[in-house]
Amino acid sequence: MTGRDYEIRAAAVDPLGPLRDPQEPGCDVFLTGTVFLDIIFTGLDSAPVRGTESWARGMGSSPGGVANMATALARLGLRTSLAAAFGDDHYGEYCWDALEQGEGIDLSMSHTIPGWHSPVTVSMAYEGERTMVSHGHEAPPPAGPGPFPQCPPRARAAVAALGPGRGEEWIGEAARRGSRIFADVGWDESGRWDLGALADLEHCEAFLPNAGEAMRYTRTDCPRAAARALAEKVPIAVVTMGAEGSYAVDGRTGETAHVPGITVDELDPTGAGDVYVAGFVTGTLAGWPLADRLAFAGLTAALSVQEFGGSLSAPGWPEVAHWWRDAPQELRGRYGFLDDLVPPGGTPAARRRAVPTIGFRHSV
C-alpha cells in the first residue's frame, strides 16, 4: 500500500460504518451554542505586562466557541449538525464558510442575523496556559415558535454545556427522542459548586468535567474520588486531569479506567477540552471499551495542541494515522486498537488551519 493509499484510507474512515443502516438518524451528533471568531496569539514568553506592548511569535484566526466541538466531531467522521446564530459581517461569513464548506458541518438549523456582529475572542497562550478576552452581544431570537426548526433533530447523540441554575429545554427533548447526551461544564463563577443546580445532568449519559471542577462539585480531594461520586449521578463519569490523563467510572457496571496523558510539544491549548469530548463521543457511539475511549480522546486532544487555534487545530483520521505510524514503542500496546481503524502510515491530508488573517483576496 502506498503512502497515498494510506492517506485516502485514513481520510475515509467512518468510525460508525458497521453500525449504520437506513433506519438510523441521518445526524450523528447535534449541538448548539455561540460561534466566536477566535484570534489566537502564541509564542508569548509571559503574560502581557501593563503599560507595555507584547509581540507574539505566532498568530492564527479560526471559528471558535461551539465551532471547536463541531469541527472536532466532523473531522472524526461524525455527521454533525450545528444550530447557531451567525453575524452578517465578514467574520460571520468566514465562520459559516469554514464550517459548512470547509468541514462539511450541517448548518441547516443555523441562521444569519442582519445587523448583528459576530462575537470575538482574543486568546493569548503562554506558559502552558491561556488568557482570553471576549466581546459580543446576545443574539436576538429568530422569528418562529422555537429556537430551531424541528428542535432538536433526531440524532444518535447531542453535546451540551451545562451551567448552574440554567436548564435547556432542548436537552431534555433530545434525550426523550433517543439522543445520548454528553456534557461538560464551565467554571462556577458563583463559587457555590452545587451539583444539584445542574438541572440537565439527569438527562446525561456521560459527564466530562476537569479535575478542578469535578472535585469542587463533589467536595472530594482527588479526581478518582470525584469520578466515583459523579458516577452515582450519571451513567458514565469522566474526569480529565491534564498531563496525568483521565479517569472514568461506569456507574452501571462499576468498571473503571485510567489512561495517562501523551507528552507532546504544546503550541496552543485552545479547544483541547472540546477535542477530548469529541474523541470520547466518537468512541462511545462506536461501542469501544471504556479505556480505549479515554485513550483515543486523550490522543486527539494531544494532537490538537500542536496546532494554532481551537476548531482548525482538531485532528482527523489522517493525523491519527500519521501519529500511529511513528508512535513510541511503549504506547503501541495501549493504542493497538487503532490497527482496526487506520493503517499505521500515511501523511496528514491538507486541511484548513488557523492563519493570521481570516481570508486572502487570492489563493496562496
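Residues numbered from 1 in each chain as written. Predicted model: local features only at pLDDT ≥ 70, side-chain atom pairs only at ≥ 80, totals over all residues. Heavy atoms only, no water.

1. Remarks on the overall build of the protein
Summing up its helical and strand segments, the protein has 9 helices and 14 strands in all. Buried residues in the protein amount to 50% of all 364 residues. In the protein, the proportion of contacts linking residues at least 24 apart, taken out of those at least 6 apart, comes to 68%. About 16900 Å² of surface is accessible on the protein, with carbon and sulfur atoms providing 50% of the total. (Helix = DSSP H or I, 4+ residues; strand = E, 2+ residues; numbered from the N terminus. Buried < 20%, exposed > 50% of the residue type's maximum accessible area, 1.4 Å probe, protein only. Contact = heavy atoms within 4.5 Å. Areas by Shrake-Rupley, 256 points an atom, 1.4 Å probe, with all protein chains shown as cover.)

2. Let's talk about the packing of aromatic side chains
Applying the stated rule across the entire model yields 11 aromatic pairs. Aromatic side chains Phe86 and Trp96 sit 4.8 Å apart centroid to centroid with 65° between the ring planes, which places their arrangement in the edge-to-face category. Residue Phe86 is located in strand 5 (residues 85-87), and its partner Trp96 is located in helix 3 (residues 90-100); the two are separated by 10 residues in the primary sequence. Since its relative accessible area comes to 21%, Trp96 is described here as partly exposed. Judged by centre distance (5.7 Å) and plane angle (55°), the ring pair of Trp288 and Phe337 falls under tilted. Taken together, the residues Trp288 in the loop between helix 7 (272-285) and helix 8 (290-304) and Phe337 in the segment after helix 9 (317-325) connect sequence positions 49 residues apart. On the accessibility criterion, Trp288 (12% relative accessible area) is buried. Positioned above the aromatic ring of Trp324, the side-chain terminus of Arg332 is 4.0 Å from the ring centre. (Phe/Tyr/Trp six-rings, centres within 6.5 Å; stacked < 30°, edge-to-face > 60°. Lys NZ or Arg CZ within 6 Å of the ring centre and 35° of its normal.)

3. Side note on the layout of surface pockets
Considering only enclosed or pocket space, the second largest pocket measures out at about 300 Å³ in volume. Contributing to the lining of the second largest pocket are 17 residues, with Val264, Leu303, Gln306, Glu319 and Trp323 lying nearest its centre. Mapped onto the lining of the second largest pocket, the elements with two or more residues apiece are helix 8 and helix 9. At 3 residues, helix 9 tops the list of elements feeding residues into the lining of the second largest pocket. Split by residue class, the lining of the second largest pocket holds 8 nonpolar, 5 polar and 4 charged. (1 Å grid on protein atoms, 1.4 Å probe; cavity = no way out; pocket = protein on both sides within 12 Å on 5 of 7 lines; lining within 4 Å. Points joined across faces, edges and corners; volume = space filled by probe spheres on them. Nonpolar A, V, L, I, M, F, W, Y, C, P; charged D, E, K, R; others polar.)

4. Some points on the sheet that holds strand 3 (residues 58-65)
Reading across from one edge, 3-2-7-8 is the order of the 4 strands in this open sheet, with mixed pairing throughout. Strands with a single pairing partner mark the edges of an open sheet, and in this sheet they are strand 3 and strand 8 (129-135). Averaged over all pairs of adjacent strands, the angle between their axes in this sheet comes to 20°, without regard to strand direction. Bridge analysis of strand 2 (residues 35-42) against strand 3 gives 8 bridges, and the strand direction is antiparallel. Note on strand 3: the bridge partner recorded for Phe36 is Gly64. Relative to strand 3, helix 2 (residues 66-75) is tilted by about 90°, and along the sheet it contacts strand 2 and strand 3. (Pairing = 2+ DSSP bridges. Axes fitted to C-alpha atoms, helices over the stretch in contact; angles between N-to-C directions.)

5. Structural notes on the pattern of salt bridges
One pass over the full model with this rule turns up 13 salt bridges. Note that Arg177 and Glu173 form a salt bridge whose closest N and O atoms lie 3.0 Å from each other. The class for Arg177 is partly exposed, based on a relative accessible area of 37%. By relative accessible area, Glu173 is classed as partly exposed at 24%. Of the charged contacts in the structure, one is a salt bridge between Arg180 and Glu205, with a shortest N-O distance of 2.9 Å. Separated by 25 residues along the polypeptide, Arg180 in strand 10 (residues 180-185) and Glu205 in strand 11 (residues 204-207) bring together distant segments of the chain. (Salt bridge = Lys/Arg side-chain N within 4 Å of Asp/Glu carboxyl O.)

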